[in-house]
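# Close look at the chain arrangement
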Amino acid sequence: MNQTDLHNLIGVSVGVALTAVANGEDVVGAVIDMQGAAGLEYVLQVGAYTDGDVTPLVEDSDNGTDFTAVADTFLLGTEAGAALTAAGVSKIGYIGSKRYVRLTAVTAAGSTLSVGASAIKFGLRIRGETAADIIVA
C-alpha cells in the first residue's frame, strides 16, 4: 500500500457529538471499537465560546462498559496539553492495546460553550497487515 495514501489508512467517526454546554457539564463521547486499527487520534473542537475551559479525558476498556483513565504512556500528547480555554481545536492520540476507547470533554464549572470531537482511527489493517507493517516513523 502506498504510504502517502492517508485516505485509505484512516477511518473517521464521531468521538463526541457536538454539544452545547451550560454550567460546566461533562460530555461523554461515543465508544470507539479499535479492532483493526493501530491507534486513534481525537480532534477536539470548541466553539460558541463564552466562558470556561475543556480538558479531554481519554479512557479505555476491554469490554466496552468498564472504562478507566488511560496511562500517559499510551497517549500521543497530554490531556493537559490538549485542553482548550477559548474557541479552537486541539488533538490527542491513543496508542494503547485495549479494544474500546472513549473521550470525555471535561468542562470547568460555569463553562458556556459548544464542544465536539472527531475520532480518527489510523493504521487500519488491510489484507492481514500487522501494525508493524503499516506504522511509518
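All residue numbers here refer to positions counted from 1 along the written sequence of the relevant chain. Per-residue local features of the predicted model are confined to residues with pLDDT of at least 70, and side-chain atom pairs are confined, for both listing and counting, to 80 or more; whole-chain, interface and lining totals are unaffected and use all residues. Working from all heavy atoms in the structure, the side-chain values ignore hydrogens and water.

Attention shifts here to the side chain of Asp60. Structurally, the position occupied by Asp60 is in strand 5 (residues 54-61). The buried charged residue Asp60 lacks any salt bridge partner; its closest oppositely charged side chain belongs to Lys98, at an N-O distance of 4.4 Å. Within the structure, the side chain of Asp60 is placed 2.9 Å from the side chain of Tyr94, a separation counted as a polar contact. Contact definition: two residues touch when any of their heavy atoms are within 4.5 Å. Aside from chain neighbours lying at most four places away, what touches Asp60 is Asp66, Phe67, Thr68, Val70, Tyr94, Lys98, Tyr100 and Val101. Secondary structure elements are defined from DSSP: runs of H or I of at least 4 residues count as helices, runs of E of at least 2 residues count as strands, and each element is numbered from the N terminus. Partly exposed residues are those whose accessible area sits between 20% and 50% of the maximum for their type, while under 20% is buried and over 50% is exposed, using a 1.4 Å probe and protein chains only. Lys and Arg are tallied as positive, Asp and Glu as negative. Neither His nor the chain termini are counted. We define a salt bridge as a contact between a side-chain nitrogen of Lys or Arg and a carboxyl oxygen of Asp or Glu at a distance within 4 Å. Under the rule applied, a polar contact is a pair of N or O atoms within 3.5 Å (in protein, one hydrogen donor and one hydrogen acceptor; residues adjacent in sequence only if both atoms are side-chain atoms).

Residues form patches when they are more than 30% accessible in relative terms and have no salt bridge. Like charges link within 9 Å. Nonpolar side chains (Val, Leu, Ile, Met, Phe, Trp, Tyr) link within 5 Å. Here the open area of atoms and residues is found with the Shrake-Rupley method and a 1.4 Å probe, where only the protein chains shown may cover a residue. Together, Phe74, Leu76 and Ile95 line one region of the surface with nonpolar side chains, adding up to about 240 Å² of accessible area. Mapped onto the elements, Phe74 comes out in the loop between strand 6 (68-69) and strand 7 (75-76).

Under the definition given, this model contains three salt bridges. Of the charged contacts in the structure, one is a salt bridge between Arg99 and Asp33, with a shortest N-O distance of 2.5 Å. Here the residue Arg99 occupies a position in the loop between strand 8 (88-94) and strand 9 (100-107), and Asp33 occupies one in strand 3 (residues 32-33), the gap between them amounting to 66 residues. Residues Lys98 and Asp62 are paired through a salt bridge, measuring 3.9 Å at the closest nitrogen-oxygen approach.

Looking along a regular strand, one sees side chains alternate from face to face of the sheet. A pair of strands is treated as paired once DSSP finds two or more bridges between them. Taken together, the seven bridges between strand 4 (residues 39-51) and strand 8 define a ladder with antiparallel strand orientation. Looking at the pairing, Tyr42 lines up with Ile92 of strand 8.

The strands that make up a sheet pair up through hydrogen bonds in the backbone, lying either parallel or antiparallel. Spatial strand order, 1-10-4-8-7: five strands in an open sheet with antiparallel pairing. Sheet topology places strand 1 (10-22) and strand 7 at the edges, where each strand pairs with a single neighbour. In terms of strand pairing, strand 1 meets strand 10 (residues 112-122) through 10 bridges, oriented antiparallel. The residue bridging Val16 from the neighbouring strand is Ala117, located in strand 10.

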